[in-house]
Amino acid sequence: QVQLVESGGGLVQAGGSLRLSCAASGSAFSINVMGWYHQAPGKQRELVAAFTTGGRGNYAESVKGRFTISRDNAKNTVYLQMNSLKPEDTVLYFCYGRIRERSTLPEFPSWGQGTQVIVSS
């Protein structure tokens, strides 16, 4: 089954930047990556950034002005550019989308396995 795979997490100092990437593990009839979420230990998964129907980004208040969601259709990859990182951005980040492997099959929701971001103070 085709899945979404995140990459780009890591350790960065406060004020630094990281760019997360989300791509599918294989080819499919359609792959629609819809947004990024994060999840702190013991808490529910929360929306960080998502595409609106117009293709723009919709952001959580805590990341507005610092994070940017974008997509490269040629590479079938969605990015989350994270600037001015803060220690409180230290969480696990997931991308979410819907995949249709063949035109004759229904879409299914897909979550990546997550990529860890650690921001040191």
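The following paragraphs examine the structure supplied in this document. Source: prediction; values computed, not measured. (Residues numbered from 1 in each chain as written. Predicted model: local features only at pLDDT ≥ 70, side-chain atom pairs only at ≥ 80, totals over all residues. Heavy atoms only, no water.)

**Considering the state of the cysteines**
So, point 1. Enumeration over the complete set of coordinates arrives at one disulfide.
So, point 2. Put simply, Cys22 and Cys95 are joined by a disulfide, and their sulfur atoms are 2.1 Å apart. Taking the torsion about the sulfur-sulfur bond, which here is approximately 65°, the covalent link between Cys22 and Cys95 counts as right-handed. Taken together, the residues span a long stretch of sequence, with Cys22 in strand 3 (residues 18–24) and Cys95 in strand 9 (residues 91–100) at a distance of 73 residues. Both residues of the pair, Cys22 and Cys95, belong to the buried class. (Disulfide = S-S within 2.5 Å. Helix = DSSP H or I, 4+ residues; strand = E, 2+ residues; numbered from the N terminus. Buried < 20%, exposed > 50% of the residue type's maximum accessible area, 1.4 Å probe, protein only.)

**Observations regarding the sheet that holds strand 8 (residues 77–82)**
So, point 1. Taken together, the four strands give an open sheet; going across it, the order is 1-3-8-7, and neighbouring strands pair in antiparallel fashion. At either end of the open sheet lies a strand with only one pairing partner, and these are strand 1 (4–7) and strand 7 (67–72). When strand polarity is set aside, the average angle formed by the axes of neighbouring strands in this sheet is 20°.
So, point 2. Of the strand pairs in this sheet, strand 3 and strand 8 are connected by six bridges, and their pairing is antiparallel. Its bridge partner lying in strand 8, Leu20 is registered against Leu80. (Pairing = 2+ DSSP bridges. Axes fitted to C-alpha atoms, helices over the stretch in contact; angles between N-to-C directions.)

**A word on the pattern of salt bridges**
So, point 1. Counted by the stated rule, this structure contains three salt bridges.
So, point 2. Notably, a salt bridge pairs Arg66 with Asp89, separated by 2.8 Å at the nearest N-O pair. Of the two residues, Arg66 is situated in the loop between strand 6 (57–59) and strand 7 and Asp89 in the loop between strand 8 and strand 9; the sequence distance between them amounts to 23 residues. In this structure, Arg66 and Asp89 share a single accessibility class: buried.
So, point 3. Between Glu107 and Arg98 there is a salt bridge, with its nearest N and O atoms 3.0 Å apart. (Salt bridge = Lys/Arg side-chain N within 4 Å of Asp/Glu carboxyl O.)

**Some words on the nonpolar core**
So, point 1. Judged by nonpolar contacts, the single largest core of 26 residues is most densely connected at Trp36, Val48, Phe67, Leu80, Met82 and Tyr93.
So, point 2. Elements represented by at least two residues in this core include exactly strand 3, strand 4 (30–39), strand 5 (46–51), strand 7, strand 8, strand 9 and strand 11 (115–120).
So, point 3. Looking at which element gives the most residues to this core, the answer is strand 9, with four residues.
So, point 4. In contact with Leu80, not counting residues within four places along its chain, are Leu18, Arg19, Leu20, Trp36, Val48, Ala49, Phe67, Thr68, Ile69 and Tyr93. (Core = buried A, V, L, I, M, F, W, Y, C linked by side-chain atoms within 4.5 Å. Contact = heavy atoms within 4.5 Å.)

**A word on the pairing of strand 1**
So, point 1. The two faces of strand 1 differ: Leu4 and Glu6 on one face are buried, but Val5 and Ser7 on the other face are not.
So, point 2. Strand direction decides the pairing type here: strand 1 and strand 3, joined by four bridges, are antiparallel. Residue pairing for strand 3: Glu6 is matched across the bridge by Cys22.

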